[in-house]
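The lines below spell out each chain.
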Amino acid sequence: MEVSDAYLVLTGNERPFPLMAGQTWTIGRGEGCAVLLDSRLVSRLHALIQRRDAGDYYLVDLGSRNGSFVNGRRVGLPLRLNHQDRLLFAEEELVFHNPKGTNPPAGARDQTTRNLPTSTLQRQSLTTIVVVDIRDFTPLARALPEALLSQTVGTWFLRVGQVAEQWGSWAQQYIGDAIMAVWVHESTAKASADLMRALRAACEIDRTTRGVSQSLVLPTLLRIGAGINTGPAILGGSDYTALGDTVNSAFRLESATKSLGCAVALGEGAFRALGDSASLPFRRCEVQLKGYESPCPAWAGSFEELEKYVNPRQ
């Protein structure tokens, strides 16, 4: 192995794991993981490492039971890795080596955070939350060989994260087989334009998901559901986490798409923020969201209908 190659080294036995071919490497105890760890405390699909187009590497936790840590800090959102970072998965520690890579100056921000508001520590902001979840993931996970499942999850996370970033998402959080993307609105007046970018991102994520199915030749087509809402949220701390009722309702709306028989559900806040919502070809309905005392209004539709709305000339 050349010193310029990125790789992981397992502490204790100094076993190397090269990060060379491909763009994603899964970490876990399941057969087929590129970084196979022999510990019952490590999840079968615990985390993955992504190599972005710029050549830098990110660690993504896949909703693991015991978490992923970098230099003692728990990873909630994808975290850029620097040479000699120490990665901990349960009691298994690895050291990331990338001598060819360049670490950012002390205190410098990662470029992916360029759209952050001035202050992120416990700041309440007007946001749009998009939650996207893979439909029928459990039976798919049982049907696929673990190597192909790892490749599928890793590829989907990588491409969906790239789409969200390209459309201006402030941050993305990866949770099991779902992704939450956050758009921060500087003002109420700008919320409509930002929301349209979030809706276009949702449509592109749908197309990207179908593309992953075709490129990996999966036995069934990957399908997703999306819950979208706009409203105040608390943006907190160094993990760039969004919290609050707007976030909770977006997750509940995504879950409700199954009972509503639709692919996309918008909450009342998102519907009102659109401005020209009268032309939205979604049906209004009342839905009982988990954890809410009374039914909530929602607007349900398909990705095809949403595509026509956000790109009317196509």
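Residues numbered from 1 in each chain as written. Predicted model: local features only at pLDDT ≥ 70, side-chain atom pairs only at ≥ 80, totals over all residues. Heavy atoms only, no water.

**A few points about the packing of aromatic side chains**
Then, in step 1: Evaluation of the coordinates by the stated rule reveals 4 aromatic pairs.
Then, in step 2: Here the aromatic rings of Y57 and F96 are separated by 5.6 Å at their centres, their planes lie at 55°, and the arrangement is tilted. A residue pair is termed long-range when its members are at least 10 positions apart, and Y57 in strand β6 (residues 57-61) and F96 in strand β11 (residues 92-97) qualify at 39 residues. In this structure, Y57 and F96 share a single accessibility class: buried.
Then, in step 3: Through pairs of rings, three or more aromatic residues link up here, namely W25, Y57 and F96. (Phe/Tyr/Trp six-rings, centres within 6.5 Å; stacked < 30°, edge-to-face > 60°. Helix = DSSP H or I, 4+ residues; strand = E, 2+ residues; numbered from the N terminus. Buried < 20%, exposed > 50% of the residue type's maximum accessible area, 1.4 Å probe, protein only.)

**Examining the environment of A191**
Then, in step 1: Relative to the assigned elements, A191 resides in helix α3 (residues 188-216).
Then, in step 2: On the basis of relative accessible area, A191 is assigned to the buried category, the value being 4%.
Then, in step 3: Residues A191 and G231, spaced 40 residues apart in sequence, show a C-alpha to C-alpha distance of 9.6 Å.
Then, in step 4: Setting aside residues no more than four positions away along its own chain, A191 makes contact with L126 and H185. (Contact = heavy atoms within 4.5 Å.)

**Focus: the packing of helix α2 (residues 146-166) against α3**
Then, in step 1: α3 packs onto α2 with a crossing angle of 155° between their chain directions and a minimal axis gap of 10 Å. Taken together, the axes of α2 and α3 lie roughly antiparallel to each other. Crossing geometry of α2 relative to α3 is assigned as right-handed. Listed contacts from α3 to L148, Q151, T152, T155, W156, R159, V160, V163 and Q166 of α2 are A201, E204, I205, T208, T209, G211, V212, S215 and L216.
Then, in step 2: Of the residues that constitute the contact of α2 with α3, the class distribution is 8 nonpolar, 8 polar and 2 charged. (Axes fitted to C-alpha atoms, helices over the stretch in contact; angles between N-to-C directions. Parallel < 35°, antiparallel > 145°, perpendicular 65-115°, else oblique. Left-handed = near helix turned anticlockwise from the far one by under 90°. Nonpolar A, V, L, I, M, F, W, Y, C, P; charged D, E, K, R; others polar.)

**As for the pairing of strand β13 (residues 171-175)**
Within a regular beta strand, the side chains point alternately toward one face of the sheet and then the other, so they alternate between its two faces.
Then, in step 1: Burial within β13 is extensive, with 4 of its 5 residues counted as buried.
Then, in step 2: Here β13 pairs with strand β14 (residues 178-185) via 5 bridges, running antiparallel. In the strand pairing of β14, I175 is matched with A178.
Then, in step 3: Two successive antiparallel strands, β13 and β14, enclose a turn made up of 2 residues, where G176 displays a positive phi of approximately 60°. (Pairing = 2+ DSSP bridges.)

**Structural notes on the confidence of the model for the protein chain**
Parts of the model with low pLDDT should not have their predicted coordinates read in detail.
Then, in step 1: Summing up the model confidence of the protein chain, the mean pLDDT is 86 and the portion of residues at 70 or higher is 89%.
Then, in step 2: Here β13 is the element of the protein chain with the lowest mean pLDDT, 80, and strand β17 (residues 264-267) is the one with the highest, 98.
Then, in step 3: Every residue in residues 105-121 is under pLDDT 50, and counting partners more than four places away or in other chains gives 26 contacts. (pLDDT = per-residue confidence, 0-100.)

**Topic: α2**
Then, in step 1: Across its 21 residues, α2 extends 30 Å between first and last C-alpha, which sits within 8% of the 30 Å expected from 1.5 Å per residue.
Then, in step 2: In the stretch just after α2, G168 is the one whose phi turns positive, near 90°. (Expected span 1.5 Å × (residues − 1).)

**Digging into the sheet that holds strand β7 (residues 68-70)**
Then, in step 1: Spatially, the 6 strands line up as an open sheet ordered β2-β1-β11-β10-β7-β8, and their pairing is antiparallel. The outermost strands of the open sheet, each flanked by one partner alone, are β2 (15-18) and β8 (73-74).
Then, in step 2: The pairing of strand β1 (residues 7-10) with β11 spans 4 bridges and is classified as antiparallel. Its bridge partner being in β11, L8 is matched across the sheet by F96.

**A short note on the sheet that holds β6**
In sheet architecture, strand pairing relies on hydrogen bonds along the backbone and comes in two forms, parallel and antiparallel.
Then, in step 1: Here 5 strands make up an open sheet; going across it, the order is β4-β3-β5-β6-β9 and the pairing mixed. Each end of this open sheet is capped by a strand with a single partner; those strands are β4 (35-36) and β9 (79-80).
Then, in step 2: Here strand β3 (residues 24-28) runs beside strand β5 (residues 47-51); their pairing, made up of 4 bridges, is antiparallel. Among the inter-strand pairings, T24 is bridged to a residue of β5, identified as Q50.
Then, in step 3: Each of β3 and β5 touches α2; the most contacted strand, β5, lies at about 55° to it.

**Remarks on the pattern of salt bridges**
Then, in step 1: Using the criterion set out here, one finds 10 salt bridges in the structure.
Then, in step 2: Close ionic contact of E268 with R272 constitutes a salt bridge, the shortest N to O distance being 2.8 Å. Of this pair, E268 and R272 are both found in helix α5 (residues 268-273), 4 residues apart, which corresponds to roughly one turn of the helix.
Then, in step 3: Residue R272 is classed as exposed on the basis of its relative accessible area, which comes to 62%. (Salt bridge = Lys/Arg side-chain N within 4 Å of Asp/Glu carboxyl O.)

**Digging into the side chain of E92**
Then, in step 1: Relative to the elements of secondary structure, E92 occurs in strand β11.
Then, in step 2: The side chain of E92 sits in the buried core without any salt bridge; R15 is the nearest counter-charge, 9.1 Å away. (Lys, Arg positive; Asp, Glu negative; His and termini not counted.)

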